Amino acid sequence: MTFLRRRNAIVAMAALGAATLTGSALAQQTVTLRLHQFLPPTATIPARAIVPWAKKVETESGGRIKVQLFHAMSMGGSPPQLFDQARDGVVDITWTVLGYTPGRFNKAEVFELPFMSGRAEPASRAFHEYVEKNAADEFREVKLLAAHTHGPGLFHSKFPITGLDSLKGKKVRGGSRVINNMLLKLGATPVGMPVPAVTEALTKGVLDATTIPWEVTPSLKIAELVKHHTTFSGSTGLFTQTFALVMNRASYEKLPADLKKVIDANSGVDTAAFFGRAMDEGDKVGMEVAKKAGNSLVTLDAAETQRWQTTAAAVEADWVKEMQGKNLDGAKLVAEARAAIAKHSK
């Protein structure tokens, strides 16, 4: 019996030692997360949000998380494929425009409606909160890190826009199906394309104008290609596009508990606001570039803005009706979105 007790004790100590070593090895595990996105590294979100976010994650993990950045679709594919690249584990994390995959994010799409929101930081807080409450199922295949918006949308054109009639027959880039419907209602000929294609399209005459926020104009050299920029009176922009930073679920789940906490601490409403704030700061830079280029910057007055709002209201009506056909209460979702924006814009 003495021999058996001694042998069992040795076996138990060996097992405990092995478990301790395994736990220690796991605790010291270093993980490389590959992040893929569609803009050049000098653009606002890569430079002012993604790179600082990655450095913060690396620092807070004690260097045990390494974020490897792949800009401008350098890992292949096209911008509309980015969400699925994260879902399928082609990469670990992607940043993308939700509107590049039409019909997929029905409930999240409400934030794209005309004259819905203004500054990106409060709108991004509102959007992430709205998604968590109303559209979490649309992100069930990934780990949602942050959902955010850009700032007030406007026109950048080769011709002056002085009123609604200015757009008739003009070829204008739209970044989503909702924005394209809005352009159609406003009298333009919408041309859908991801933002990286805009520079070439303007250069070759495929476009007469584009709808993008100020922040992305410097990286696309928009101020060199057009001479007119048109904004609207009031606190909301003509349109908004929505974005998401998402992570492959398996990549997240296999992290040790302490590294999951690092990712969790760099996710959510505050992270969305951080990305939105970068957009707001980038808007100021883009506007200054256009001013220095001697371009025309026009803000349509309140009466003319009201004309645009009245015409664009048909887009919202179309969207609500379409959502009804998908068994979604579109009117309620619009109300939820506006309530969230009002809450965070105080």
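Notes on the structure follow. Just so it is clear, the model here is predicted, and its values are computed rather than measured. (Residues numbered from 1 in each chain as written. Predicted model: local features only at pLDDT ≥ 70, side-chain atom pairs only at ≥ 80, totals over all residues. Heavy atoms only, no water.)

1. Quick look at the packing of helix 4 (residues 120–134) against helix 13 (residues 330–344)
Note the following rule: Interaxial angle, 0 to 180 degrees, is taken between N-to-C directions of lines fitted to C-alpha atoms, where a helix line uses only the stretch in contact. Counting from the N terminus, the helices are DSSP H or I runs at least four residues long and the strands are E runs at least two residues long. Working definition: roughly parallel below 35 degrees, roughly antiparallel above 145 degrees, roughly perpendicular at 65 to 115 degrees, and oblique for all remaining angles. Should the near helix be turned anticlockwise from the far one by less than a right angle, the crossing is termed left-handed; should it be turned clockwise, right-handed. Working rule for contacts: check all heavy atoms of both residues, and any pair within 4.5 Å makes them a contact. Amino acid classes used here: Ala, Val, Leu, Ile, Met, Phe, Trp, Tyr, Cys and Pro are nonpolar; Asp, Glu, Lys and Arg are charged; the rest, including Gly, are polar.
At a closest axis distance of 8 Å, the pairing of helix 4 and helix 13 adopts a crossing angle of 140°. The angle between helix 4 and helix 13 falls in the class oblique. Between helix 4 and helix 13 lies a crossing whose hand is right-handed. Counting all contacts with helix 4, which are made through Pro122, Arg125, Ala126, Glu129, Tyr130, Lys133 and Asn134, the residues of helix 13 involved are Leu333, Glu336, Ala337, Ala340, Ile341, Lys343 and His344. The residue inventory of the contact of helix 4 with helix 13, partitioned by class, reads seven nonpolar, two polar and five charged.

2. Brief notes about the packing of aromatic side chains
Rule in force here: Each pair of aromatic rings taken from Phe, Tyr and Trp, with Trp reduced to its six-membered ring, is defined by centres within 6.5 Å and is described as stacked if the planes are under 30 degrees apart, edge-to-face if over 60, and tilted in the remaining cases. We count a charge as sitting over a ring when the NZ of a lysine or the CZ of an arginine lies within 6 Å of the ring centre and within 35 degrees of the ring normal.
Throughout the structure, instances matching the rule amount to 13 aromatic pairs. An aromatic cluster is present here, built from Phe38, Trp95, Tyr100 and Phe243 joined pairwise through their rings. A cation over an aromatic ring shows up here: Lys170 above the ring of Phe159, its NZ or CZ 4.8 Å from the ring centre. A cation over a ring is seen here: Lys260 above Tyr252, with NZ or CZ 5.6 Å from the ring centre.

3. Some points on the sheet that holds strand 2 (residues 65–70)
Note the cut-off: Paired strands, in this sense, are two strands between which DSSP finds at least two bridges.
Pairing is mixed across the open sheet formed by five strands, whose spatial order is 2-1-3-10-4. With one partner strand each, in any of the chains shown, strand 2 and strand 4 (142–149) form the two edges of the open sheet. Strand after strand, the sheet turns through a mean of 20° between neighbouring axes, direction not considered. As judged from the six bridges shared by strand 1 (residues 31–36) and strand 2, these two strands associate in the parallel manner.

4. Here's the deal with the pairing of strand 4
The condition that has to hold: Exposure is judged per residue with a 1.4 Å probe applied to protein chains only, and the accessible area is read against the type maximum: over 50% gives exposed, under 20% gives buried, and values in between give partly exposed.
The element strand 4 is largely enclosed, with a buried count of eight among its eight residues. Pairing analysis gives seven bridges linking strand 4 to strand 10 (residues 242–248), with the strands arranged antiparallel. By the bridge assignment, Ala147 is partnered in strand 10 with Ala244.

5. Quick look at unusual backbone geometry
Phi is positive for Phe115, close to 55°, though the residue is something other than glycine. For Phe115, the location among the structural elements is in the loop between strand 3 (93–97) and helix 4. A positive phi is found at Lys221, a non-glycine position, where the angle reads about 60°.

6. A word on helix 12 (residues 302–325)
Note the following rule: Working rule for helices: expected span equals 1.5 Å times residues minus one. To get the bend at a given residue, fit one axis to the seven residues ending there, fit another to the seven starting there, and take the angle between those axes.
Its 24 residues give helix 12 an end-to-end C-alpha distance of 35 Å, which sits within 8% of 34 Å, the value for a rise of 1.5 Å per residue. The principal kink in helix 12, of about 25°, is found at Thr311. For helix 12, every residue scored as buried is listed here: Glu304, Thr305, Trp308, Ala312, Val315, Trp319, Val320 and Met323. Contact partners of the buried residues in helix 12: strand 5 (154–157), helix 5 (177–185), strand 9 (228–232), strand 11 (296–300) and helix 13.

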